[in-house]
Every structure is written in C-alpha cells, then in structure tokens.
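Listed here are the chains, written in short residue letters.
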Amino acid sequence: MPQAAQSSSPTPLDDVLARIKAAIPPERLDDRGPQLLAVSKTKPAEAVQALLDQGQRHFAENRVQEAQAKFPALQQAYPDLVLHLIGPLQTNKVKEAVALFDAIHSLDREKLARALKSEMDKQGRDLPCFIQVNTGEEPQKAGIAPAQTAEFIGLCRTLGLNIVGLMCIPPFDEDPAPHFALLRVLAERNGLDQLSMGMSSDFETAVQLGATHVRVGSALFGARD
Ligand SMILES: *Cc1c(COP(=O)(O)O)cnc(C)c1O
C-alpha cells in the first residue's frame, strides 16, 4: 500500500487507506496489503494529479477513450504510475488499450481473449489480466458465469494470457459478501490468488474477504455527476 504524504488534516486518501488497513484480517497482516486502485472516471486530470501528489500510484478507468485523453502525460511524468482498465472492452479498442493500460480487469469473453493475446504479442507487452465473473448471474451484466469460469480460465491459459485473478461487481441491491466469498472460492479452485473486488460502498467487506485490489472512486474523488 502506498504511504500517504504527511499533512495536517487527513485527506480522503488517508481515510480510505486507514479503513483498508483496519479491515485486513489478522492472518493476512504480514502480507503486502490490498492495492488501492483510485477510480478516476469522469474526474479531470487535476484530480488525479492531486492524488499523485499524495503518493497514490495505482489508478483505474473504465473507458479507453477517456483514459487516453487523461493519462499519457501523467504516465510520462510518473513512470511508476500503474493504470488499470476496469470497464468493458470492445475488440476494436484493444490496440489502444494494450498500449495504454498496465492491467486488464474486465476480460469476459473468448473473442476478447484472442484479440488481447494477439495484440500483446504484436506490441511485445504481457499485461496481467483478471477475468470478470458475473457472480450474480445478471443477464445485463458482463462477465463469465460462475459455472463457466474454470473452462474460460483454461482457454485463456492455453492462449498464453497472463491470468492473475478474478474480478466481480456484485448486484447493486444485494449484500456483496456472498459474491466476494464466491469469487474467492472460484479463484482458489483455479489456482489464482488475486481478487479485484470492492468499491466505495463495500471495500472493507471485500478486504475482510480477501480482496487484493479494491476499486474505489467516489470515496476518494467525491460523487460523480
Ligand atoms: C466506477 C467503478 C468503480 C468505483 O465505484 P465507486 O462506487 O465510485 O467507488 C469500481 N469498479 C468499477 C468496475 C467501476 O466501473
């Protein structure tokens, strides 16, 4: 976890980092701790800069085009900035995504897996990928069905993709805990140890249940329009 800069009054970043730390289960206190991804979608580059000034280095966006407008200059200025894609990825944006992002959290179908592998080979990049699982089996939501997860992980591994973990977005109106627990079981069964789960409203629950990456937007940047 990045150390927030010292300042007189605690910032939202200080607060979120402290809440993450307090939620880590005792048996995991020796680990490096969950990585906070600051979700900067709809927020201007100045808001990202303010968090960079406080020591935050991992950021997440859910649209390729928006990230392209905001991040290249910041990546130039901060070589240790790590940019994560957490939103749906169309295959016609794969080229730009592979060039711009450092990790993909929304791998959810075979066509995308194939396009990502071929583009990464072309660009000589090997981005860590999380497979998005539709734990609530919501018809309108992206993600692999829980029952299909093992098969899809196998396919991605056969293609040669660097699959590091699983990601989920629980149904809006449900207790997220069973969804986080399911994601963890699916990851463990498939030999994956990274879990991208938890947002502003539920990141402490996610950390308690083993999240390695929490995706927090409004708690850091304020509400979106
Ligand atoms: C917007 C978004 C987040 C952050 O949401 P907040 O509630 O603002 O913390 C996390 N994950 C995904 C996939 C998102 O699109």
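Our subject is the structure listed above.
What you see is a predicted model, and the numbers here were worked out from it, not measured in a lab.

A. Highlighting helix 1 (residues 12-23). Between its first and last C-alpha atoms helix 1 spans 17 Å; for 12 residues at 1.5 Å apiece the expected length is 16 Å, and the two agree. All of the buried residues along helix 1 are L13, D14, V16, L17, I20 and A23. For helix 1, the elements touching its buried residues are strand 1 (35-39), helix 2 (45-53), helix 8 (203-208), strand 8 (213-216) and helix 9 (218-221).

B. Highlighting the layout of surface pockets. Estimated volume of the largest pocket: approximately 330 Å³. Taken together, 18 residues form the lining of the largest pocket, with K41, I86, I169, M199 and R215 sitting closest to its centre. Taken together, the residues of the lining of the largest pocket sort by class into 8 nonpolar, 7 polar and 3 charged.

C. Seen up close, the site of the ligand. The ligand sits among V39, K41, N62, I86, I169, M199, S200, R215, V216, G217, S218 and R224. Contacts to the ligand include N62, whose side-chain N or O atom sits 3.5 Å from an oxygen atom. R215 places a polar side-chain atom, nitrogen or oxygen, 2.9 Å from a nitrogen atom of the ligand. Bound to the protein, the ligand loses 90% of the 390 Å² it would expose on its own.

D. The arrangement of the environment of D31 in detail. With respect to the element layout, D31 can be found in the loop between helix 1 and strand 1. On a C-alpha basis, the gap between D31 and A223 in space is 31 Å, while along the polypeptide they are 192 residues apart.

E. Molecular detail of the nonpolar core. Among the nonpolar cores identified, the biggest contains 59 residues, and F59, L107 and L116 are the most heavily contacted of them. It is helix 1 that contributes the most residues to this core, 5 residues altogether. Filtering out sequence-adjacent residues up to four positions away, F59 remains in contact with A38, S40, V48, L51, L52, F71, L81, V82, L83, H84 and F221.

About the cut-offs
The written sequence of each chain sets the order in which its residues are numbered from 1. Local features in this predicted model are restricted to residues whose pLDDT is 70 or higher, and side-chain atom pairs enter the listing and the counts only when it is 80 or higher, whereas totals over whole chains, interfaces and linings include all residues. The side-chain figures draw on all heavy atoms in the structure; neither hydrogens nor water molecules are used. Numbering goes from the N terminus for both helices and strands, where a helix is a DSSP run of H or I of at least four residues and a strand is a run of E of at least two. What a helix should span is 1.5 Å times the count of its residues minus one. Here the term buried applies to any residue with accessible area under 20% of the maximum for its type, exposed to any over 50%, and partly exposed to those in between, with areas from a 1.4 Å probe on protein chains only. We call two residues in contact when some of their heavy atoms are within 4.5 Å. Lining residues are defined by having an atom within 4 Å of a point belonging to a cavity or pocket. Those points lie on a 1 Å grid over the protein atoms alone, cavities being sets where a 1.4 Å probe fits but cannot get out and pockets being open sets with protein on both sides within 12 Å along at least five of seven lines. Grid points are joined across faces, edges and corners, and a volume is the space filled by probe spheres set on the points. All amino acids are sorted into three groups, where Ala, Val, Leu, Ile, Met, Phe, Trp, Tyr, Cys and Pro are nonpolar, Asp, Glu, Lys and Arg are charged, and the leftover types, Gly among them, are polar. If even one non-hydrogen atom of a residue comes within 4 Å of a molecule or strand, that residue is called near it. Here a polar contact is recorded for every N or O atom pair within 3.5 Å, except that within protein the pair must consist of a potential hydrogen donor and a potential acceptor, and residues adjacent in sequence are included only if both atoms are side-chain atoms. Method for areas: the Shrake-Rupley scheme with a 1.4 Å probe, in which residue coverage is limited to the protein chains shown. Put simply, a nonpolar core is a bunch of buried Ala, Val, Leu, Ile, Met, Phe, Trp, Tyr and Cys residues held in one set by side-chain atoms that sit within 4.5 Å of each other.

Any functional reading would require information that these geometric values do not contain.
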